[in-house]
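In case you want the letters, here they are:
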Amino acid sequence: MTHPLRLHPDRLFPADPDTRAVARRLHAEIKDLPIVSPHGHTDPSWFALNQNWKNPAELLITPDHYVFRMLYSQGVALEDLGVPRADGGPVETDPRAIWRRFAERYHLFRGTPSRMWHDWVYAEVFGLDVRLSAETADHYYDVIDAALKTEAFRPRALFERYGIEVIATTEGPLDDLAHHRTIRDSGWSGKVVTAYRPDPVMDPDFEGFHDNLVRFGALTGEDVGSWQGYLAAHRTRRAVFAAHGATSTDHGHPTAFTADLPQDQAAALYERVATGPVSATDAELFRGQMLTEMARMSLDDGLVMQIHPGSFRNHNGTVFTRFGRDKGADIPTRTDYVSALKPLLDAVGSEPGLTIILFTLDETAYSRELAPLAGHYPALRLGPPWWFHDSPEGMRRFREQVTETAGFYNTVGFNDDTRAFLSIPARHDVARRIDTGFLARLVVEHRIEEDEAHELARALTYDLVKAAYRL
């Protein structure tokens, strides 16, 4: 039995009729504003090569860890979803079989953000009007597969179709940025920039850390055997990234711990982590020291700093060994910000020319720690709800818990932080609806006037993100 697929025009708006009417008016003014996507993990080769995606599974399932973490939790082997194995072992290669496995289990996503994003893509991008299920799996596959073979569904065409003004990918310090050069030299008007993610040479627990340092030195021509040479290598790479459009750095550390050691102690610490087995204490101390060093470098070169702490990455050791990192097994942890950030904030927190954007997977920190910190320190801004909280309820909780203390203007709008390209407009649609619904409530409660809400709706959608990320 098939069921219709409908996107209700009032989805995610408040149920109260008076509040909903205000939300409609606010949303009508901002729904078509350009998309600014200042942080994410889409593949720059898509825009450099501008090739058609091969099939629906390659576009919508294989790159999306939100999808396969749910399916894995219900007993579906990652091999059966075509996820490549680290050892090159056999996995499913039939994209229609992968799609059918997903469609048969689409009911598992009821109530999740992934369900909303996918339904939006199916209805708005591909014009499908029946719900995805085992019965409609082949119909979906055929419609999507046929569309993907057309010029209108090449990456650059979709970029333009959905009004993306700028998108930032994220590359590691050892990336040659060749795809970004190809984009730049192609003459295409779309703006795709990079961001500097130095974790592979900044986190002693990152796999291959010592080999990465050797490559880092060779790439930059700096003597990474010394502390000062290592710092110079970072400055060199940051300058290269900036020349390729980067306006930000990104740091995915396990915690928000920072340190500000005297330089002789920092040099001794670096010698320990660079030359031998690294203790857990030294690894954490080095990561903390480097966050402060990165902040100082941002003062010099103007790159906005993003800190994404609080994830126990690759928690499932079996999956990590078999498939590598970023396969849906990252789990949130408790995170301290007040004490952890104090060394960094003592050093640079009062610098108005510096922007440090804080993210969290620990929602308990919103009102207790993050909003008060951002509501005081000139250098701090709050990033939007991230990862597990990039959801309607997560967005509402964020606004409710931070606004009274930090206000709206110490936040930075929305970013989608995604690897799944077509989820970008879907995610921005959700954020715009939730924000206008929140503003509408403030209007009907007579806490702000409607003209102020219209200004805020535009700011939360477009102005704040442009300013914060210097785009």
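Up top you'll find the structure we're talking about.
Reference entry: report on the structure contained in this document. (Residues numbered from 1 in each chain as written. Predicted model: local features only at pLDDT ≥ 70, side-chain atom pairs only at ≥ 80, totals over all residues. Heavy atoms only, no water.)

### Concerning the sheet that holds strand β5 (residues 304–307)
Spatially, β4-β5-β8-β9 is the arrangement adopted by the four strands of the open sheet, whose pairing is parallel. Of all the strands in the sheet, just β4 (248–251) and β9 (380–382) have a single pairing partner and so form its edges. Ignoring which end each strand starts from, the neighbouring axes of this sheet average 25° apart. Looking at chain direction, strand β8 (residues 356–358) and β9 are connected through three bridges and run parallel. Across the sheet, residue I357 finds its bridge partner in β9, namely R381. Running at roughly 155° to β5, helix α14 (residues 280–301) makes contact with β4, β5 and β8 of the sheet. (Pairing = 2+ DSSP bridges. Helix = DSSP H or I, 4+ residues; strand = E, 2+ residues; numbered from the N terminus. Axes fitted to C-alpha atoms, helices over the stretch in contact; angles between N-to-C directions. Contact = heavy atoms within 4.5 Å.)

### A short note on the packing of aromatic side chains
In this structure the tally under the stated criterion is 31 aromatic pairs. On the basis of an interplanar angle of 50° and a centroid distance of 5.5 Å, the ring pair of W386 and W387 is categorised as tilted. Each member of the pair, W386 as well as W387, is classed as buried. One aromatic cluster is present, built from ring pairs that chain together W46, F47, W53, F159, W188 and F421. Directly above the ring of F13 sits R433, whose terminal nitrogen or CZ lies 5.1 Å from the centroid. (Phe/Tyr/Trp six-rings, centres within 6.5 Å; stacked < 30°, edge-to-face > 60°. Buried < 20%, exposed > 50% of the residue type's maximum accessible area, 1.4 Å probe, protein only. Lys NZ or Arg CZ within 6 Å of the ring centre and 35° of its normal.)

### Observations concerning the pairing of β5
Burial along β5 is two-sided: the residues V304 and Q306 and M305 and I307 are all buried. In the sheet, β4 pairs with β5 via four bridges, with the strands oriented parallel. Within β5, the residue paired with D250 across the bridge is Q306.

### Structural notes on the environment of L49
By the secondary structure assignment, L49 is in helix α2 (residues 44–49). With 137 residues separating them along the chain, L49 and S186 place their C-alpha atoms 9.7 Å apart.

### Description of the pattern of salt bridges
Throughout the structure, instances matching the rule amount to 40 salt bridges. The shortest N-O distance in the salt bridge between R11 and D429 comes to 3.3 Å. Here R11 is found in the segment before α1 (17–30), whereas its partner D429 is found in helix α19 (residues 423–444), with 418 residues between them in sequence. One connected set of salt bridges, linked through shared partners, spans E400, E404, R441, E445 and R447. (Salt bridge = Lys/Arg side-chain N within 4 Å of Asp/Glu carboxyl O.)

### Some words on the packing of helix α5 (residues 95–104) against helix α7 (residues 137–148)
Following both chains from N to C, one finds α5 and α7 inclined at 130°, their axes separated by 9 Å at the closest point. As judged from the angle between their axes, α5 and α7 are oblique. For the element pair α5 and α7, the recorded crossing hand is right-handed. Seen from α5, the contacting residues are P95, R96, W99, R100 and A103; seen from α7, they are A137, D138, Y140, Y141, D142 and I144. Its residues placed into classes, the contact of α5 with α7 shows seven nonpolar, no polar and four charged. (Parallel < 35°, antiparallel > 145°, perpendicular 65-115°, else oblique. Left-handed = near helix turned anticlockwise from the far one by under 90°. Nonpolar A, V, L, I, M, F, W, Y, C, P; charged D, E, K, R; others polar.)

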